[in-house]
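Chain by chain, the residues run as shown.
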Amino acid sequence: MRKKLLLGNWKMNKTPSEAKAFALAANEMVDFAVAHDIEVGVAPTFVCLATVKENINPKCIVAAQNVNEHDHGAFTGEISIPMLKEIGISWVILGHSERREYNGETSEKCNEKIKALLAAGMTPVYCCGESLETYESGQTKKFVAEQIRTGLAGLTPEEAGKVVIAYEPIWAIGTGKSATKETAEDTIGFIRRTLRENFGPVAMDIRILYGGSVKPNNVAEYMSQEDIDGALVGGASLEPNSFQGLIDGMLAK
Ligand code: PGA
């Protein structure tokens, strides 16, 4: 049984004091979600991680938005796994399309990071998704299958079972133009079959999230689909009221 998961990706939003205010406001809603069998989490910026971790309900996942694959060394501007571990962070989003586009993150690099995270007993949330051009040329499945195969290359089935996947079509991110539930399910079902071909039955236990303009008023549609296990949400995860709306929406399906 795959547990539902709602993960807020705050991107480059919120100062530490704003992040702390959200953390304090979120306590009851985290309890509410957990009591209804929904796992919830937020992914603040690096400078807000410790503040959020210290102030939010301990049942809430606090995830980083990236990590370096090396433990330490001459990598100016980077953050390592031991640094995150020391402040109690055990989840990391990897390969978000914005990082792929603006920071040159590749599926090969994500693969190194995923292996390093798994070796450290942490949970990677690996993002995939196609551009509008790829979507319109009917190449979505080929493109996404390649991202999955490369990103998870060399993992054992047991390791693959510990990864969370997020499918986020780039044309739906921050555009208000969400994928229909049928389109999202079609690709996510395909991702599950790709995982099955590569890793066997464990694919049925791997959580796959949909992301891209998920809002309180459309999250239930996605949750009604067989292969969609939750949502990775940007804009609508930033305010406590809207976050509560997402939780309510997930329950409404
Ligand atoms: P959005 O972002 O919900 O604002 O579209 C989703 C994401 O990029 O994770």
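Residues numbered from 1 in each chain as written. Predicted model: local features only at pLDDT ≥ 70, side-chain atom pairs only at ≥ 80, totals over all residues. Heavy atoms only, no water.

## A closer look at helix H12 (residues 240–252)
Spanning 13 residues, H12 covers 18 Å between terminal C-alpha atoms, matching the ideal 18 Å at 1.5 Å per step. Taken as a whole, H12 has its buried residues at Ser 242, Phe 243, Gly 245, Leu 246, Ile 247, Gly 249 and Met 250. Where H12 is buried, its residues meet strand E1 (4–9), helix H1 (16–25), helix H2 (27–35), strand E2 (38–43), helix H11 (219–223) and strand E8 (230–233). (Helix = DSSP H or I, 4+ residues; strand = E, 2+ residues; numbered from the N terminus. Expected span 1.5 Å × (residues − 1). Buried < 20%, exposed > 50% of the residue type's maximum accessible area, 1.4 Å probe, protein only. Contact = heavy atoms within 4.5 Å.)

## Let's talk about unusual backbone geometry
Positive phi, normally seen in glycine, also occurs at Asp 37, with a value near 70 degrees. For Asp 37, the position within the fold is in the loop between H2 and E2. One non-glycine residue with positive phi stands out, namely Ser 213, at about 55 degrees. Structurally, the position occupied by Ser 213 is in the loop between strand E7 (208–211) and H11. The exposure class assigned to Ser 213 is buried, which follows from its relative accessible area of 9%.

## A closer look at helix H10 (residues 181–199)
What sets the pattern is the α-helix's 3.6 residues per turn: residues three or four places apart point alike. Taking 1.5 Å per residue as the helical rise, H10 with its 19 residues ought to reach 27 Å, and the 26 Å between its terminal C-alpha atoms agrees with that figure. All of the buried residues along H10 are Ala 184, Glu 185, Thr 187, Ile 188, Gly 189, Phe 190, Ile 191, Arg 192, Thr 194, Leu 195 and Phe 199. Buried residues along H10 sit against strand E5 (123–128), helix H8 (140–151), helix H9 (157–160), strand E6 (164–167), E7 and H11. Immediately beyond the C-terminal end of H10, within one or two residues, lies Gly 200, with a positive phi of roughly 80 degrees.

## Observations regarding the nonpolar core
General note: in soluble globular proteins, nonpolar side chains tend to be found buried as a group. Formed by 68 residues in total, the largest nonpolar core has its most connected members in Leu 152, Ile 165, Leu 195 and Tyr 210. Not counting residues up to four positions away in its chain, the partners in contact with Ile 165 are Tyr 126, Cys 128, Ile 148, Leu 152, Ile 191, Leu 195, Ile 206, Arg 207, Ile 208 and Leu 209. (Core = buried A, V, L, I, M, F, W, Y, C linked by side-chain atoms within 4.5 Å.)

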